[in-house]
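Spelled out from the first residue to the last, the chains are:
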Amino acid sequence: MARLRFDSTTIGYGQKPVLYSISLAVPPGEVLGVVGPNGVGKTTLIKAASGILPPIEGRIYINNQDLNRLSPSERARNLAVVPQARQLPEAFTARDVVLMGRTPYLSWFARESESDHQIADEVMVKTATAHLADRQVGQLSGGEQQRVLIARALAQTPSVLLLDEPTAHLDLKYQDEVLKLVRELALEEDFAVVIALHDLNLVARFADRVALLSDGRVRNVGEPAQVLTPDELSEVYGIEIHVSSHPIHGTPLVLS
Amino acid sequence: MGKEKRKTSADGHPSRIQGVRSQSLTPWVWTGGGLLVMAVLSAAIGPVAIPPNVIFKILLSRLSFTAIEVDWPSTFDTILYQIRLPHTALIALTGMALGASGAAYQGLFRNPLADPYIIGVASGAGLAAVLAMSAQWPTTVLGMVTIPAAAFTGALITVGLVYIFARVGRTTPITTLILAGVAVSTFTSALTSLIMLLSTDELYRAIAWLMGGSTLGGWPPVLAALPYLFVGLAVLLFLGRPLNVLQFGDEQALQLGLHVERYKLVIVAASSLVAATAVSFSGIIGFIGLIVPHLVRLLWGPDYRRLIPLAMVTGGAVLLASDIVARTILAPRELPVGIVTAVIGAPFFLWLLRRAKQVRFW
């Protein structure tokens, strides 16, 4: 059973479609990489999947429920979004930020309970951010901030994880670290993961399947080696692209 | 992963990471102590000085059944009960309302320059209050209860207008917020002046009221303000957690499961109710709602669960202090407290702005 499913969904802003008739399904434990040229609608796809952008046509299902019929808190219990780290109010501590992942479980005037704190502690251990708990997020490195945001998402105890360019502005080391963590979490927690990335080589290494977006449609979905081919990529990106094989990982290596 | 060994305490639960969250009492001692000291000074200082120890004795003699030897002039009782204490209470409540609502507006607009005065809520509430007062000058508690209701309506209309005009896409930038606030408050202030000119017999006290001198004496305004402030402040005090979530922006807040529009509506209603009540009985007093939350944030961090109560208490203390200055600096003349808060507040705010460039505390 797919955790997250787009069923001939047309997505856009107002009545102006950006993506037409999208059909995708992400089963538990799978990392789906979403790639495509700038402006093709990767972020729009993530927004729609997160429920904050209702589809123009068609439906999106999360655990077989219509995403846009759920309340914000019901959605956030099923599905968590990891945003880019540069949109953080910097004076909160890492623990404060992680605890905000418990928001969908708290009613109007409620405060975090002992069990909420325990969940926050556990997810900080999982994401190796426990030692940062009392530091202000503004003082953390980009990689650390991103891990704190992943911890916040885990604190929502979701079954679907959405990530929008989580490695933008990160050094190579942190890119690797963050994506490895996401990869491990998908396997360990049986999450369905959708990750929008512009770096094709990272997608090739860390995604189980890739959806290549082009001209407002899903041009191709499948394993990285099937989708990231020189012909397809050259056509979509409009320049000549070569694909060889990563010397160590054996995954596709994309070169322009 | 795996680098962090999970610490396990004796009962098998993972132990709290990095110790217990520091819940320092220091800010409460400072702000609470400040409020208490200022309240006593406010009651003590005036044309007839009542020493603080006599104030305590008078209060004790009223509260307890044990006989306390009366070694003070009997006029002290009257002055304290009928003039000083209600005035002190009203000023303290006004300051608390301005501090708390300023903090809430800043959090709501995610904008460090939002306060009831700058975004025009105060003048909108003022206009509605003047309308209500010029219809009939209130003398009883019941008559006074209607003023905050009118002011609240005015405040909500103003904040709605400012919000609509200030919004650019999905954000409320500082510049447009201030411009919209200036435009709307200039407009409402002009209308207020016009109404005052037309109803000449009430002109003097209306102007004094508008400039921040409470001209309604005695306990009735305090009693009339209490229910509104109780409701509004209680809501604000409990909404610190969602206000924290809102600091991540509407989009993230919504993705975190916060019903953003509902929460914003309730926060705007509560802060406008509180600010409107303050305006109704103490006139338009600037800068308290701006500077107090700033100061508290600078000293004790941006967590709205602490920021709102601390800004509330500090607001009370600071306005009491300003009021003491207003009553003594040109004694026997009493200045409207709004002049004092503006004279002290504006330079202080400019200093804060300069500082904010170096230390990013927002």
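What counts and what doesn't
Residues numbered from 1 in each chain as written. Chains lettered and ligands numbered in written order. Predicted model: local features only at pLDDT ≥ 70, side-chain atom pairs only at ≥ 80, totals over all residues. Heavy atoms only, no water. Helix = DSSP H or I, 4+ residues; strand = E, 2+ residues; numbered from the N terminus. Rg over C-alpha atoms; globule rule 2.2 N^0.38 Å. Buried < 20%, exposed > 50% of the residue type's maximum accessible area, 1.4 Å probe, protein only. Areas by Shrake-Rupley, 256 points an atom, 1.4 Å probe, with all protein chains shown as cover. Phe/Tyr/Trp six-rings, centres within 6.5 Å; stacked < 30°, edge-to-face > 60°. Lys NZ or Arg CZ within 6 Å of the ring centre and 35° of its normal. Contact = heavy atoms within 4.5 Å. Buried area = accessible area lost by both parts, 1.4 Å probe. Salt bridge = Lys/Arg side-chain N within 4 Å of Asp/Glu carboxyl O. Polar contact = N/O pair within 3.5 Å; in protein donor to acceptor, adjacent residues only side chain to side chain. Patch = residues over 30% accessible without salt bridge, like charges linked within 9 Å, V, L, I, M, F, W, Y side chains within 5 Å. Expected span 1.5 Å × (residues − 1). Bend = angle between axes of the 7 residues up to and from the residue. Axes fitted to C-alpha atoms, helices over the stretch in contact; angles between N-to-C directions. Parallel < 35°, antiparallel > 145°, perpendicular 65-115°, else oblique. Left-handed = near helix turned anticlockwise from the far one by under 90°. Pairing = 2+ DSSP bridges.

Visitor: In this structure, what is going on with the overall build of chain A? I would like to understand it.
Guide: A count of helices and strands for chain A gives nine helices and twelve strands. Here chain A has a C-alpha radius of gyration of 18 Å; the compact-globule value for 256 residues is 18 Å, and the two agree. By its C-alpha atoms, chain A is 55 × 40 × 30 Å across when sized along the principal axes. Within the span of chain A, comprising 256 residues, buried residues form 60% of the whole. Accessible surface, chain A as shown: approximately 10100 Å² in total, 47% of it carbon and sulfur.

Visitor: Got a minute to help me understand the overall build of chain B in this structure?
Guide: Across its full length, chain B carries 14 helices and zero strands. Written out in order from the N terminus, the α and β elements of chain B read α-α-α-α-α-α-α-α-α-α-α-α-α-α. Residue burial in chain B is summarised as follows: out of 362 residues, 50% are buried. Accessible surface for chain B amounts to roughly 16600 Å². Of this, 70% is attributable to carbon and sulfur atoms.

Visitor: Help me understand the packing of aromatic side chains, please; the structure alone is not making it clear to me.
Guide: A ring pair, where both rings are aromatic, is described by two values, the distance of the centres and the angle of the planes. Throughout the structure, instances matching the rule amount to six aromatic pairs over all chains. Put simply, the rings of Trp108(A), Phe109(A), Phe238(B) and Tyr263(B) pair up and form one aromatic cluster. Taking the ring centre of Tyr105(A) as reference, the NZ or CZ of Arg102(A) above it sits at 4.1 Å. One Lys or Arg, Arg152(A), reaches over the ring of Phe248(B) and ends 5.2 Å from the middle of that ring.

Visitor: What is the right way to read the interface of chain B and chain A from this model?
Guide: One frequently used descriptor of interface size is the decrease in accessible area upon assembly of the parts. Of the residues lining the interface, 38 residues belong to chain B; the matching set on chain A comes to 50 residues. Contact between chain B and chain A buries roughly 4100 Å² in total, counting both sides, with carbon and sulfur atoms accounting for 59%. Summed over the shared surface of chain B and chain A, the number is three salt bridges. On inspection of chain B and its partner chain A, the count reaches five residue pairs in polar contact (both at pLDDT 80 or more). Elements with a contribution of two residues or more to the side of chain B that touches chain A: helix 8 (219-238), helix 9 (240-246), helix 10 (249-255) and helix 11 (260-282) of chain B.

Visitor: What am I meant to see in a nonpolar patch on the surface here?
Guide: Residues and elements named next belong to chain B. On the surface, Val141, Trp219, Leu223 and Leu226 cluster together to form a nonpolar patch covering roughly 320 Å² of accessible area. Broken down by element, the residue count for the nonpolar patch peaks at three residues, all from helix 8. You can see tryptophan 219 is positioned in helix 8. Exposure remark for tryptophan 219: the relative accessible area of 35% places this residue in the partly exposed category.

Visitor: Even after reading the chapter, I still don't get the pattern of salt bridges, so can you show me in this structure?
Guide: Opposite charge on two side chains permits pairing when their charged atoms draw close. This model, assessed by the stated rule, comprises 21 salt bridges over all chains. In this structure, Asp250(B) and Arg167(B) form a salt bridge, with 3.7 Å as the shortest nitrogen-oxygen distance. With Asp250(B) in helix 10 and Arg167(B) in the loop between helix 5 (141-166) and helix 6 (174-198), the pair connects residues that are 83 residues apart, well separated along the chain. On the accessibility criterion, Asp250(B) (22% relative accessible area) is partly exposed. Residues joined by salt bridges that share partners form a network here, namely Asp96(A), Glu112(A), Asp303(B) and Arg305(B).

Visitor: Is there a simple way to think about helix 8 of chain B in this case?
Guide: Because an α-helix packs 3.6 residues into every turn, residues spaced three or four apart end up facing the same way. Residues and elements named next belong to chain B. Counted at 1.5 Å a residue, the expected span for helix 8 with its 20 residues is 28 Å, and the 28 Å between its end C-alpha atoms agrees. The sharpest bend along helix 8 comes to roughly 35°, located at leucine 226, with the proline proline 227 sitting one to four residues further on. Taken together, the buried positions of helix 8 are occupied by Pro221, Val222, Ala224, Ala225, Tyr228, Leu229, Gly232, Leu233, Val235 and Leu236. Contact partners of the buried residues in helix 8: helix 3 (74-109), helix 5, helix 9, helix 11 and helix 13 (304-328).

Visitor: Whenever I open this one, the environment of Glu232(A) confuses me. Can you help?
Guide: Looking at the element boundaries, Glu232(A) is found in helix 9 (residues 230-237). Put simply, Glu232(A) and Gln136(A) are 96 residues apart on the chain and 45 Å apart in space, counted from C-alpha to C-alpha.

Visitor: What exactly am I supposed to notice about the packing of helix 3 of chain B against helix 8 of chain B here?
Guide: Each pair of packed helices can be described by the angle between their axes along with the distance between the axes. All names here are of chain B. Look at helix 3 against helix 8: their axes get within 10 Å of each other, and the N-to-C directions meet at 25°. Judged on the interaxial angle alone, helix 8 and helix 3 are roughly parallel. In terms of crossing hand, the pair formed by helix 3 and helix 8 is left-handed. In this structure, helix 3 contributes Tyr81, Leu85, Pro86, Ala89, Leu90, Leu93, Met96, Ala97, Ala100, Ser101 and Ala104 to the contact, and helix 8 contributes Trp219, Pro221, Val222, Leu226, Leu229, Leu233 and Leu236.

Visitor: What is the right way to read helix 5 of chain B from this model?
Guide: In this model helix 5 of chain B runs 37 Å from its N-terminal to its C-terminal C-alpha over 26 residues, within 8% of the 38 Å that 1.5 Å per residue would give. Listing the buried residues of helix 5 of chain B in full gives Met144(B), Ile147(B), Pro148(B), Ala151(B), Gly154(B), Ala155(B), Thr158(B), Val159(B), Val162(B) and Ala166(B).

Visitor: Just checking my understanding: could you explain the side chain of Gln146(A) for this structure?
Guide: Locating Gln146(A) in the fold gives a position in helix 5 (residues 142-155). When sequence neighbours within four positions are dropped, the list of residues in contact with Gln146(A) reads Val82(A), Pro83(A), Gln84(A), Ala85(A), Pro166(A), Leu170(A) and Val178(A).

Visitor: Sorry if this is basic, but what is going on with the pairing of strand 3 (residues 31-35) of chain A here?
Guide: Regular strands place their side chains on alternate faces of the sheet. Residue and element names in this part refer to chain A. Taking burial as the measure, the five residues of strand 3 include five buried ones, the bulk of the element. Neither face of strand 3 is exposed, since Val31, Gly33 and Val35 on one face and Leu32 and Val34 on the opposite face are all buried. Summarising the sheet, strand 3 and strand 8 (residues 192-196) pair through four bridges and their orientation is parallel. Residue pairing in the sheet places glycine 33 in a bridge with isoleucine 195 of strand 8. Sheet topology note: the strand 3/strand 9 (residues 209-214) ladder contains four bridges and is parallel. Note that in strand 9 the partner of valine 34 across the bridge is alanine 211.

Visitor: What exactly am I supposed to notice about unusual backbone geometry here?
Guide: As a rule of thumb, non-glycine residues mostly have phi less than zero, and peptide bonds are mostly trans rather than cis. Residue and element names in this part refer to chain A. One non-glycine residue, asparagine 63, lies in the positive phi region at around 45°. The residue asparagine 63 is located in the loop between strand 4 (57-62) and strand 5 (65-66) in this model. Positive phi, close to 55°, is recorded for alanine 128, a residue that is not glycine. With respect to the element layout, alanine 128 can be found in the loop between helix 4 (114-126) and helix 5.

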